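This is what each chain is made of:
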Amino acid sequence: MRITRRVGAALVATALLSVAACGGGGGSGSGEGEVEVFTWWAEGSEKEGLDALVGVFEEQNPDLEFVNGAVAGGAGSEAKNVLASRLQTNDPPGTFQAHAGAELTDYIVQDDIEPISDMYEEKGWNELFPEGLLEQLDQDGEIYSVPSNIHRANVVWANPAVLQKAGVDPEATYASLDEWFAALDKVEASGAIPLSIATDWTQVHLLETVLLADLGEEAYNGLWDGSTDWGSAEVTAALEDYAKLLEYTNSDRQSLDWPDATQLVIDGKAGFNVMGDWAEAAFATQDKEFGTDYVTFPVPGTDGVFDFLADSFTMPVGAPNPGATEAWLDTVASAEGQTAFNKAKGSIPANTEADTSDFGPYQQTAIESFQQDAIVSSLAHGAAASVSWLTDITAAVSKFGSTGDVAGLQEGLVSAAEQHLES
Ligand code: GAL
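Residues numbered from 1 in each chain as written. Predicted model: local features only at pLDDT ≥ 70, side-chain atom pairs only at ≥ 80, totals over all residues. Heavy atoms only, no water.

Caption draft 1: Structural view of the site of the ligand. Residues in contact with the ligand amount to 13 residues; listed here are only the nearest, E46, H99, D311, K345 and H381. H381 is positioned such that a nitrogen or oxygen atom in its side chain is 2.7 Å from an oxygen atom of the ligand. Alone, the ligand offers 310 Å² of accessible surface; in the complex the protein occludes 100% of this. Looking at the shell around the ligand, its residues break down into 6 nonpolar, 4 polar and 3 charged. (Near = heavy atom within 4 Å. Polar contact = N/O pair within 3.5 Å; in protein donor to acceptor, adjacent residues only side chain to side chain. Areas by Shrake-Rupley, 256 points an atom, 1.4 Å probe, with all protein chains shown as cover. Nonpolar A, V, L, I, M, F, W, Y, C, P; charged D, E, K, R; others polar.)

Spelled out as structure tokens, the structure:
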């Protein structure tokens, strides 16, 4: 199920074949009435992304009404619980957001979503998306959702003015976490927050990038299939680096969500923030200039790797108005929908026919990296591990935030892996 380097080749090949394709269109989803779209893009720059997609949906479907079912909370921290209880009580929305990969598998196994492989065939969607991404959507030969975007998780966002004041070269990149610690020390000495962070899920997000940096691509991948030992000395060393990084973070982290942590960099109160590239939308909506007001680089030690995740939209079992859901999926799949949505969201289109010529300079770096780099699956965003495994990892990470006990953290991670790799 994991995305491989083939994705890059597939992307280029599909791009070459796509010149003659029209890529737009309202598709054949139809009907009247409404479609409730359940996401966690409730506020700020994320809502602006959703609004851009809704704009295309309304243009393509003047007779349908979009109903916003968004539940606030980064990475679905609240939304996933609300969704789980709605699904349990047979009250599904018209469609819901789910990450490609292991998280999607959860919904498939629980019979929460319908296979839509027939739609893929009818509408030619198999030709629209990179092969490796289709593999992440596939369960036993069936496809269950339509990907709307591709995000990169292993990105550092930095404020050049803060760095300059601290005597750190804003153009520097760092080959390893050790090199980065020296820069973090300087920012700390200058009085700014070295590394901004927010509540539990953002800490899991940081941890995943540290595991990737220290273990490397292959051993990181092995964490998810049992071939890398969570109890190994290599993992201990990575957890020690994670513990060290956490010492550079803001003390009010538990009361913040990602937009607040990223805002500390935007406002010049923090030097660095590790966040997925939905942060790009936060900088862009505040008219910040890439290269001047902010710079980005891969998390030190992860250059050449694209830590991947993709949001996708589903056809729930028992969807109240399936024709309207299909119309939403048509818009999500369309080149027009993907261009509008991804430009505003900071991500890159999953549809290889979508026009990205007008995308900003950060997004051009992501497009290039996705084509060239090794691709691995994000933990914090549903690609690498099931929802229940992620919940257990998050509990261990959260506990560590108050105890600082590295051995305890590792024990928690080992026991979570034992439990979930067996099941
Ligand atoms: C991710 C999601 C992104 C973004 C982010 C922060 O899980 O895939 O689209 O919304 O959470 O909320």
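Caption draft 2: The arrangement of the pattern of salt bridges in detail. For the structure shown, the criterion picks out 7 salt bridges. The residue E326 makes a salt bridge to K123 at a minimum N-O spacing of 2.8 Å. You can see E326 sitting in helix α13 (residues 322-333) and its partner K123 sitting in helix α5 (residues 117-123), a full 203 residues away along the chain. For E326, a relative accessible area of 17% corresponds to the buried category. Between D330 and K123 there is a salt bridge; the shortest N-O distance is 2.8 Å. Taken as a pair, D330 in helix α13 and K123 in helix α5 lie far apart in primary sequence, 207 residues in all. Judged by relative accessible area, which is 4%, D330 ranks as buried. Taken together, the shared-partner salt bridges in this structure form one network comprising E36, R86 and D91. (Salt bridge = Lys/Arg side-chain N within 4 Å of Asp/Glu carboxyl O. Helix = DSSP H or I, 4+ residues; strand = E, 2+ residues; numbered from the N terminus. Buried < 20%, exposed > 50% of the residue type's maximum accessible area, 1.4 Å probe, protein only.)

Caption draft 3: Quick look at the sheet that holds strand β7 (residues 151-152). The mixed open sheet is built from 3 strands, whose spatial order is β7-β12-β14. If you trace the sheet from one side to the other, it starts and ends with β7 and β14 (374-377), each paired once. In terms of strand pairing, strand β12 (residues 305-309) meets β14 through 4 bridges, oriented parallel. Residue pairing across strands places F308 opposite S377, the latter belonging to β14. (Pairing = 2+ DSSP bridges.)

Caption draft 4: Representation of the domain arrangement of the chain within the structure. Partitioning the chain into structural domains gives domain 1 (34-150 + 310-371) and domain 2 (155-307 + 380-422). Each of domain 1 and domain 2 has a C-alpha centre, and the two are 26 Å apart. Across the contact, 25 residues belong to domain 1 and 23 residues belong to domain 2. Taking both partners together, domain 1 and domain 2 bury about 1900 Å²; carbon and sulfur atoms supply 62% of that area. The tally of links between domain 1 and domain 2 comes to 0 salt bridges. Taken together, the connections running from domain 1 to domain 2 amount to 8 residue pairs in polar contact (both at pLDDT 80 or more). Put simply, the parts of the chain that give the side of domain 1 that touches domain 2 at least two residues each are α2 (44-60), α4 (102-109), α14 (335-345) and α15 (361-372). The biggest single contributor to the side of domain 1 that touches domain 2 is α15, with 5 residues. Of the residues that constitute the side of domain 1 that touches domain 2, the class distribution is 9 nonpolar, 10 polar and 6 charged. (Domains from an automatic or database assignment. Contact = heavy atoms within 4.5 Å. Buried area = accessible area lost by both parts, 1.4 Å probe.)

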